[in-house]
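Read off the chains here:
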Amino acid sequence: MKVLKYLGDLFLIVVLTLITQIGGLLYLISRVLFRNTKSYKVIKTTVLFLSLYVFSTFLIIPFLAPQFGREKVLESDHVKNVSWFYILCNRNYVTPQLNQIVLESSEELAKKYPGIKINLLDANFPFWHGFPLFPHLSHNDGKKLDLSFIYSKDNRIVNKVPTLSGYGFFVKPKSHEHDQPMACKEQGYFQYDYARFLTFGTVNNGLQLHETATRDLINSLTKNAQVTKIFIEPHLVKRLDLKNSKIRYHGCYAVRHDDHVHVQIR
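Rules of the game
- Residues numbered from 1 in each chain as written.
- Predicted model: local features only at pLDDT ≥ 70, side-chain atom pairs only at ≥ 80, totals over all residues.
- Heavy atoms only, no water.
- Phe/Tyr/Trp six-rings, centres within 6.5 Å; stacked < 30°, edge-to-face > 60°.
- Buried < 20%, exposed > 50% of the residue type's maximum accessible area, 1.4 Å probe, protein only.
- Lys NZ or Arg CZ within 6 Å of the ring centre and 35° of its normal.
- Patch = residues over 30% accessible without salt bridge, like charges linked within 9 Å, V, L, I, M, F, W, Y side chains within 5 Å.
- Areas by Shrake-Rupley, 256 points an atom, 1.4 Å probe, with all protein chains shown as cover.
- Salt bridge = Lys/Arg side-chain N within 4 Å of Asp/Glu carboxyl O.
- Helix = DSSP H or I, 4+ residues; strand = E, 2+ residues; numbered from the N terminus.
- Contact = heavy atoms within 4.5 Å.
- Arc of directions from axis to C-beta.
- Disulfide = S-S within 2.5 Å.

Here we take up the packing of aromatic side chains. Enumeration over the complete set of coordinates arrives at 12 aromatic pairs. Taking the centre distance of 5.5 Å and the plane angle of 80 degrees together, the rings of Phe85 and Tyr86 count as edge-to-face. Under the relative-accessibility criterion, Phe85 is labelled partly exposed at 28%. Grouping aromatic residues by their ring pairs yields a cluster made of Tyr27, Phe49 and Tyr53. The positively charged end of Arg256 is found above the aromatic ring belonging to Phe170, 3.9 Å away from the centroid.

Next comes the structure, spelled out in structure tokens:
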């Protein structure tokens with residue numbers, strides 16, 4: 001029985017670390033502090049863990065992250081997080097340089113489309129270069145950020161996304177377009193469309209990709225000299241008539257990028 005408890009604790013520590021970076025450590029501290037408690041151990045451990053986690057997330061980490069060259073992605077009138085999940089799980093940290101780039105692009109976009117907002121998805125954890133942000137391959141240095149496409153409904157731009165996470169709603173290739181997702185899956189890269197399992201549920205039915213605004217967003221980002229790469233699926237590069245050499249194909253070993261834009265800087 002003790003072995004199962006230890007395995008259960010180990011599992012929780014690993015999962016919390018993968019999802020939040022700090023959660024595993026704080027859970028371990030909570031378990032150690034109440035290891036000799038005989039009554040209400042689970043309740044006390046849970047309450048302490050949640051208290052430590054919330055306190056750390058909102059009152060400690062934002063002040064420590066700059067020591068690692070990172071800060072929260074700044075929300076504004078033109079920039080917002082798609083979900084509280086990214087904030088609560090400390091997945092919303094970037095370098096100050098990337099923060100400034102997003103701010104500048106959002107302001108440029110808002111001049112052309114009044115009221116429009118850039119929707120933020122996964123960024124990076126607050127600490128340690130090289131610490132992976134599961135399930136991403138490269139969000140480990142504060143220099144990467146995923147952005148939602150811009151959508152419309154009834155031909156009107158809306159600041160909404162089609163899934164709770166912002167991921168997993170694929171703008172699939174049309175019949176005359178090259179189907180890179182299918183090509184990758186035929187080569188055995190079974191993980192290529194795994195984002196369909198990470199939607200957390202669909203919302204806002206009837207949304208369509210706003211091609212012009214999404215193209216303007218990407219082109220605005222490419223103008224900045226610090227931006228080195230933008231990942232998006234090949235069929236959308238052609239459909240949106242994107243010409244900049246910074247716009248790359250990410251390869252079959254990653255996941256498909258016809259549900260979001262990946263931006264990274266030098």
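A word on a nonpolar patch on the surface. A cluster of nonpolar residues, Val54, Phe55, Phe58, Leu59, Ile60, Leu64, Trp84 and Leu88, forms a patch on the protein surface that exposes about 750 Å² of accessible area. Only helix 3 (41–64) and helix 4 (84–88) provide two or more residues apiece to the nonpolar patch. Ranked by residue count, the leading element in the nonpolar patch is helix 3, at 6 residues. By secondary structure assignment, the location of Phe58 is in helix 3.

Here the focus is the side chain of Asn92. Its location among the elements puts Asn92 in the loop between helix 4 and strand 3 (93–94). Among all residues touching Asn92, those that are not within four sequence positions of it are Glu71, Lys72, Val73, Asn81, Tyr86, Ile87, Ala123 and Asn124.

Three or more residues of helix 2 (residues 23–33) are buried, namely Gly23, Gly24, Leu26, Tyr27 and Ser30. Relative to the axis of helix 2, the buried residues are bounded by an arc of 165 degrees and lie together on one face. Counted as exposed and oriented over 90 degrees from the buried face of helix 2: Leu25 and Leu33. Tucked into the core, helix 2 has its buried residues touching helix 1 (2–20) and helix 3.

As used here, a disulfide is simply a covalent bond connecting the sulfur atoms of two cysteines. On inspection of all chains with the given rule, the structure shows 1 disulfide. Residue pairing for Cys184: its cysteine sulfur links by disulfide to Cys252, the two sulfurs lying 2.0 Å apart. Torsion about the S-S bond of the Cys184 and Cys252 cystine: about -75 degrees, corresponding to left-handed handedness. Of the two residues, Cys184 is situated in helix 6 (residues 180–186) and Cys252 in the loop between strand 10 (247–248) and strand 11 (260–265); the sequence distance between them amounts to 68 residues. Since its relative accessible area comes to 0%, Cys184 is described here as buried.

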